[in-house]
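Here is what each chain is made of, one letter per residue.
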Amino acid sequence: LSPWLGLVAARTGTPSLANTNGTNLLLGSGTYLFHGSRTDSGTVMDRVEPMLGEAGTLQLSASQLARLEAACDEVTDPGAVTLPCEKAALSVAGELWRSRPGALATFGIAKVLHSLGFSLRGPGDLFRVAVTVAAVLFPALLWRARRYRTRVLLHAGFMLAGMTIAFFWLPNQRFAVFYID
């Protein structure tokens, strides 16, 4: 990781594991970059937003959208990454988390549960729940039996990393259950 961290730090001025940290955090906050509204339905956000009421509306304000568009206006290639655009996205994502921590935490928890199979939309999700329960139960039994503890810790680390990624950076999703799939 050291060469990568050095390269990203040299290009962006800050050490980071990704050069699209701002955009990913903003998308993981339930927003759609450069779009005022969502058009897809059946997503995790569509199930969470009604529970939160008016205080939980996960939309960008006009000023936040204008700042993003101004910073990212020179980007003509949708896959291109620019430092001003990433810094603006990171700033707006920080504002969203400071202004609506409860709504974003609820959305993050819903994404974590969805990523572990707890969407409960039908028989397929019940199977994913069973696999998730087994993925927690069997390592716990191995730990209690004092066997394969290094592997149990590795497994727990992977699960924790996956849940952290889902909570903060996973965008609004509909189908994928990434830990089980």
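To be clear, the structure that these remarks concern was listed above.
Basis of the calculations
- Residues numbered from 1 in each chain as written.
- Predicted model: local features only at pLDDT ≥ 70, side-chain atom pairs only at ≥ 80, totals over all residues.
- Heavy atoms only, no water.
- Core = buried A, V, L, I, M, F, W, Y, C linked by side-chain atoms within 4.5 Å.
- Buried < 20%, exposed > 50% of the residue type's maximum accessible area, 1.4 Å probe, protein only.
- Helix = DSSP H or I, 4+ residues; strand = E, 2+ residues; numbered from the N terminus.
- Axes fitted to C-alpha atoms, helices over the stretch in contact; angles between N-to-C directions.
- Parallel < 35°, antiparallel > 145°, perpendicular 65-115°, else oblique.
- Left-handed = near helix turned anticlockwise from the far one by under 90°.
- Contact = heavy atoms within 4.5 Å.
- Nonpolar A, V, L, I, M, F, W, Y, C, P; charged D, E, K, R; others polar.
- Salt bridge = Lys/Arg side-chain N within 4 Å of Asp/Glu carboxyl O.

A separate point is the nonpolar core. Membership of the largest hydrophobic core comes to 21 residues, with the highest contact counts inside it found for Leu26, Leu60, Leu68, Val92, Leu96, Trp97 and Val112. For this core, the element with the most residues is helix 5 (residues 83-99), which contributes seven residues.

With that settled, the discussion passes to the packing of helix 7 (residues 123-144) against helix 8 (residues 149-168). Running from N to C, helix 7 and helix 8 point in directions that differ by 150°, and their axes come no closer than 9 Å. By the angle between their directions, the pair helix 7 and helix 8 is classed as roughly antiparallel. Between helix 7 and helix 8 the crossing geometry is left-handed. Contact residues: Ala135, Val136, Pro139, Leu142 and Trp143 in helix 7; Arg149, Val152, Leu153, His155 and Met159 in helix 8. Here the residues of the contact of helix 7 with helix 8 are counted per class, giving eight nonpolar, one polar and one charged.

At a minimum axis separation of 8 Å, helix 4 (residues 62-72) and helix 5 run at an interaxial angle of 165°. The orientation of helix 4 relative to helix 5 falls into the category roughly antiparallel. Pair helix 4 / helix 5 crosses with left-handed handedness. Residues Gln64, Arg67, Leu68, Ala71 and Cys72 of helix 4 form the contact with helix 5, whose own contacting residues are Pro84, Cys85, Ala88, Ala89, Ser91, Val92, Glu95 and Leu96. Residues belonging to the contact of helix 4 with helix 5 are distributed by class as follows: nine nonpolar, two polar and two charged.

Oppositely charged side chains may form a pair once their charged atoms are brought near each other. In this structure the tally under the stated criterion is one salt bridge. Note that Arg67 is salt-bridged to Glu95, the shortest N-O span being 2.7 Å. With Arg67 in helix 4 and Glu95 in helix 5, the pair connects residues that are 28 residues apart, well separated along the chain. For Arg67, a relative accessible area of 34% translates into the label partly exposed. Residue class for Glu95 comes out partly exposed when judged on its relative accessible area of 24%.

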